[in-house]
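Close look at the chain arrangement
Here are the chains, one letter per residue:
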Amino acid sequence: MLSVSRQERAARLEGLVSPDVVEDTDAVAHHYAHAAWSCLTEPGDGVAGALIAEMGVVDALETALGSGGRTTPALEAGRKRWQARVETIEDAFDRAKRAGARLIVPGSPEWPQRVDDLGVHAPRALWARGDLEALSRDRALALVGARAATGYGEHVTGELATHLARRGVTIVSGGAYGIDGMAHRGCLATGGTTVAALAGGVDRAYPAGHADLLGRIAQGPGVVIAEVPCGTPPTKWRFLQRNRLIAALSDATVVVEAGWRSGSLNTAGHASALGRP
């Protein structure tokens, strides 16, 4: 179902990965398969993760898009989901190139190994704009909280982000209004490194009012990332799954201010499940 030659796959990867990847046949297959999986699955798809862990990312892709052979009810349900999205793969590569995004996959030098603790729910790939080295700094802390933040909450967030950034801590947040936005701005104000993890593609600023802020982050030394490909809209489910990524990218999570039903508490829950403070 996915009959793409080695030359075509290499051409699609050009500009998204380092030149040495495009020259290596095995690396091309590895990177292309991870990128394809990020298009076919929703974030945190454990069925896909288990299949990849068992078979390897390239063979798992062939199994997912084929028919017959080994099967289970979960695998058959997965195939229906995945095969319905095959047509999105080529568009994702084109959109990423137009946005100036980069592709990072497990095994890449820039891959943030912290996220591997998510196991079968780990991202298949990350699409990024900005300084890729920001993902692998020694110390990273998530600062998250309410969108409808109080002035006091924003003040505390700015103080925390500024002082932590001065001590070389990377600030991770979700790019939203309120606490998230202040965390990023406080970090940038002191020349620190910040990571914005989005629920939609990195080619579409969300919220739109933070287009300038996300652009500043992408100019470095920060980075804007998403595990969904360019062109993907944010949804409630993707926000919740994005929260697990924020927690996994960080050594600890701080919820500055939040309501009882806030998504920030969902982020804290993911951090707790990962054994992170």
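Further up the page is the structure itself.
Throughout what follows, the structure given in this document is the object of discussion. Because the structure is predicted, anything quoted here is derived from the model rather than measured.

Reading the values: the criteria
Residues numbered from 1 in each chain as written. Predicted model: local features only at pLDDT ≥ 70, side-chain atom pairs only at ≥ 80, totals over all residues. Heavy atoms only, no water. Core = buried A, V, L, I, M, F, W, Y, C linked by side-chain atoms within 4.5 Å. Buried < 20%, exposed > 50% of the residue type's maximum accessible area, 1.4 Å probe, protein only. Helix = DSSP H or I, 4+ residues; strand = E, 2+ residues; numbered from the N terminus. Right-handed = clockwise from strand over helix to strand, strands pointing away. Pairing = 2+ DSSP bridges. Axes fitted to C-alpha atoms, helices over the stretch in contact; angles between N-to-C directions. Contact = heavy atoms within 4.5 Å. Nonpolar A, V, L, I, M, F, W, Y, C, P; charged D, E, K, R; others polar.

Trp37, Trp82, Phe93, Leu103, Trp127 and Val224 are the most contacted members of the largest nonpolar core, which totals 48 residues. Looking at this core, the element that brings in the most residues is helix α3 (residues 25-40), giving nine residues. Membership of the second largest hydrophobic core comes to 25 residues, among which are Val115, Leu135, Val144 and Leu274.

It is worth spelling out the pairing of strand β4 (residues 170-173) at this point. Neither face of β4 is open: one carries Thr170 and Val172, the other Ile171 and Ser173, and all of them are buried. In terms of handedness, the path from strand β3 (residues 140-144) via helix α8 (residues 151-166) over to β4 forms a crossover that is right-handed. Alignment of β4 against strand β5 (residues 194-197), held across three bridges, turns out to be parallel. Of the residues in β5, the one forming a bridge with isoleucine 171 is threonine 194.

This part is about the packing of helix α1 (residues 6-13) against helix α7 (residues 88-99). What describes two packed helices is the angle between their axes and the distance between those same axes. At a minimum axis separation of 9 Å, α1 and α7 run at an interaxial angle of 35 degrees. On α7, the residues touching Ala11, Arg12 and Leu13 of α1 are Glu90, Phe93 and Lys97. Of the residues assigned to the contact of α1 with α7, the class counts are three nonpolar, no polar and three charged.

The next thing to look at is helix α10 (residues 211-218). Looking only at α10, the buried set comprises Leu213, Leu214, Gly215, Ile217 and Ala218. Residues of α10 that are buried in the fold lie against β2 (126-130), α9 (179-189), β5 and β6 (223-226). In the segment just after α10, glycine 220 is the residue with positive phi, at about 95 degrees.

Turning next to the sheet that holds β2. Taken together, seven strands build an open sheet; the order of strands is β1-β2-β6-β5-β4-β3-β7 and the sheet is mixed. One side of each edge strand has no neighbouring strand; the edge strands of this open sheet are β1 (102-104) and β7 (252-255). Averaged over all adjacent pairs, the angle separating strand axes in this sheet is 30 degrees, with direction ignored. Across three bridges, the pairing between β5 and β6 is parallel. Paired with alanine 196 across the bridge in β6 is valine 224. The strands that α8 touches are β3 and β4; relative to β3, the one it contacts most, it runs at about 170 degrees.

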